[in-house]
Amino acid sequence: MKVAFIGLAVVLGCGTDSSGTDWVANFHPPAVPSGYTRFVAATVPDIEPGANVEYCQWVAGPSTADRDVLDLKGYQSATGHHAVLYATTETSYAVGESHICTVQDMLSISFLGAIGGEGLGGSAAALPDGLYYRLPAGQALMVNSHWLNAMDQTVDGQAVFDVKFAPASPDRMIADLFANNGDNFQLAPGPGTYDVNCVLQQDLNFAMVTNHMHTLGISAYTELIHGDGSKQMLIADSTWLSDEQFNPIYQRYSVSTPLVAHAGDTYHTHCEWNNTTADTVLFPTEMCDGIGFYFPAQVGQLVCDNGGWPGM
């Protein structure tokens, strides 16, 4: 995810800014920019050393009208792996609700923006010119925040988004996220490989594609396998740096010349790792994903999980 990130040292105590917001230790987001609305997720308390947790956190009730996202900035405190802002049709939870994410939480959602790796700044998935994300009327705002505590002390976590909205316009082309996700691997110590295949159910125009793994990755590629058996390489990472889990390399396309994938094409992602630990590693400590952003958005975020389509 393309965003600069800064390691944050943890010290005792917390701060309060001029707005009266209490921040966790050594976390000091800047003032809200003019024209932006700030959404602060509930504090994730007591993230213990070695913890790997993913929370779903409701930060706003249902929107009264369709709104387009013109810009998004985000901030996440120490041990943050990523934070994603979603529109969600799950509106039964009150603002402030915060719990470990369930499969149900991640259905019927639409991507609005993200930050990665204790990100301080703009969206980790800034779209090419001419594409936008949209918050539909009647949908709430939910933050998906992921925390990986590699330190030797317990910390609290916090995620913040500043969003610049505008009334929805039919003149704006709306995009959303696609994920080819594989999570049933068991990565034994030493070298390992994994392949995840998804047969597309409809034609899709892609604006960006990338691979996603974590620190044990050594290489990855994603390709389209067409109905006639021919293959089209989308993006190949011949080497993998651990930083790329936060700052992946995107293959980008324009609105006028997108990557066009057709129903029946197979979206194939291949991951290679070297497990230098003494333990078998499972998802989500490691990941193997082929990520893309498609347009025009049809039914919100599209996730193909181990070749299947949950909720479809």
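Before reading further, recall that the structure is shown in the block above.
Reading guide: rules and limits
Residues numbered from 1 in each chain as written. Predicted model: local features only at pLDDT ≥ 70, side-chain atom pairs only at ≥ 80, totals over all residues. Heavy atoms only, no water. Helix = DSSP H or I, 4+ residues; strand = E, 2+ residues; numbered from the N terminus. Contact = heavy atoms within 4.5 Å. Buried < 20%, exposed > 50% of the residue type's maximum accessible area, 1.4 Å probe, protein only. Pairing = 2+ DSSP bridges. Axes fitted to C-alpha atoms, helices over the stretch in contact; angles between N-to-C directions. Core = buried A, V, L, I, M, F, W, Y, C linked by side-chain atoms within 4.5 Å. Phe/Tyr/Trp six-rings, centres within 6.5 Å; stacked < 30°, edge-to-face > 60°. Lys NZ or Arg CZ within 6 Å of the ring centre and 35° of its normal. Salt bridge = Lys/Arg side-chain N within 4 Å of Asp/Glu carboxyl O. Disulfide = S-S within 2.5 Å.

Enquirer: Tell me what's going on with the side chain of histidine 146, and back it up with residues and numbers.
Expert: Relative to the elements of secondary structure, histidine 146 occurs in strand 12 (residues 140–148). Not counting residues up to four positions away in its chain, the partners in contact with histidine 146 are Asn52, Val53, Glu54, Gln76, Thr79, Gly80, His81, His82, His214 and Met287.

Enquirer: How would you sum up unusual backbone geometry? Please name residues and give values.
Expert: In this structure, proline 284 follows phenylalanine 283 across a cis peptide bond, with omega equal to 5°. Along the chain, the position of proline 284 falls in the loop between strand 23 (266–275) and strand 24 (288–295). The peptide bond linking phenylalanine 295 to proline 296 adopts the cis configuration, its omega dihedral lying at -10°. Within the secondary structure layout, proline 296 lies in the loop between strand 24 and strand 25 (302–305). Even without a glycine there, the phi angle at threonine 79 is positive, about 80°. Tracing the backbone through its elements, the reader meets threonine 79 in the loop between strand 6 (67–76) and strand 7 (80–88). The exposure class assigned to threonine 79 is buried, which follows from its relative accessible area of 4%.

Enquirer: Describe the sheet that holds strand 5 (residues 52–60), with residues and values.
Expert: Pairing is antiparallel across the open sheet formed by five strands, whose spatial order is 8-5-12-7-9. Of all strands in the sheet, those with a lone pairing partner are strand 8 (98–100) and strand 9 (109–116), marking the two edges. Direction aside, the axes of adjacent strands within the sheet are offset by 25° on average. Pairing of strand 7 with strand 12 involves eight bridges; the strand directions are antiparallel. Bridged to valine 84 within strand 12 is asparagine 144.

Enquirer: Any chance you could break down the nonpolar core for me, citing the residues and the numbers?
Expert: Grouped together as the largest cluster of nonpolar side chains are 41 residues, with contacts concentrated most on Leu85, Phe111, Leu141 and Phe293. Within the second largest apolar cluster, 17 residues are counted, among which are Phe178, Ile235, Tyr267 and Trp309.

Enquirer: Quick rundown of the packing of aromatic side chains? Include the residues and the values.
Expert: Under the definition given, this model contains 15 aromatic pairs. Relative to tryptophan 273, the ring of tyrosine 194 lies with its centre 6.3 Å away and its plane at 35°, an arrangement referred to as tilted. Residue tyrosine 194 is located in strand 17 (residues 190–199), and its partner tryptophan 273 is located in strand 23; the two are separated by 79 residues in the primary sequence. The exposure class of tyrosine 194 is buried, given its relative accessible area of 12%. Among the residues examined, tryptophan 273 registers a relative accessible area of 1% and is labelled buried. Following the ring pairs from residue to residue traces out a cluster consisting of Tyr86, Phe111, Tyr133, Tyr250 and Phe293. Its guanidinium or amino end placed over the ring of phenylalanine 165, arginine 67 lies 4.1 Å from that ring's centre, counting from NZ or CZ. Above the ring of tyrosine 132, the side-chain terminus of arginine 172 is found at 5.6 Å from the ring centroid.

Enquirer: Tell me about the pattern of salt bridges, and please be specific about residues and values.
Expert: Summed over all chains, the structure comprises four salt bridges. Measuring nitrogen to oxygen at the nearest pair gives 2.7 Å for the salt bridge that ties arginine 38 to aspartate 162. Of this pair, arginine 38 sits in strand 3 (residues 37–40) while aspartate 162 is found in strand 14 (residues 159–167), placing the two residues 124 residues apart along the sequence. The two residues arginine 38 and aspartate 162 agree in class, both being buried. Beyond isolated ion pairs, a larger network of salt bridges with shared partners links Asp68, Arg134 and Arg172.

Enquirer: With reference to specific residues and values, describe the state of the cysteines.
Expert: Under the criterion given, the structure shown has three disulfides. Here cysteine 56 is linked by a disulfide to cysteine 101, with a sulfur-sulfur distance of 2.0 Å. Handedness of the cysteine 56-cysteine 101 disulfide follows from its S-S torsion of about 110°: it is right-handed. With cysteine 56 in strand 5 and cysteine 101 in the loop between strand 8 and strand 9, the pair connects residues that are 45 residues apart, well separated along the chain. In this structure, cysteine 56 and cysteine 101 share a single accessibility class: buried. At a sulfur-sulfur separation of 2.2 Å, the disulfide partner of cysteine 198 is cysteine 304. The chirality of the disulfide connecting cysteine 198 with cysteine 304 is right-handed, given an S-S dihedral of about 105°. In this pair, cysteine 198 sits in strand 17 while cysteine 304 sits in strand 25, placing the two residues 106 residues apart along the sequence.

Enquirer: I'd like a description of the pairing of strand 5, backed by residues and values.
Expert: Strand direction decides the pairing type here: strand 5 and strand 12, joined by eight bridges, are antiparallel. Considered in strand 12, the bridge of asparagine 52 is made with leucine 148. In this sheet, strand 8 lies alongside strand 5 in antiparallel orientation, the contact comprising three bridges. The partner of tyrosine 55 across the bridge, within strand 8, is isoleucine 100.

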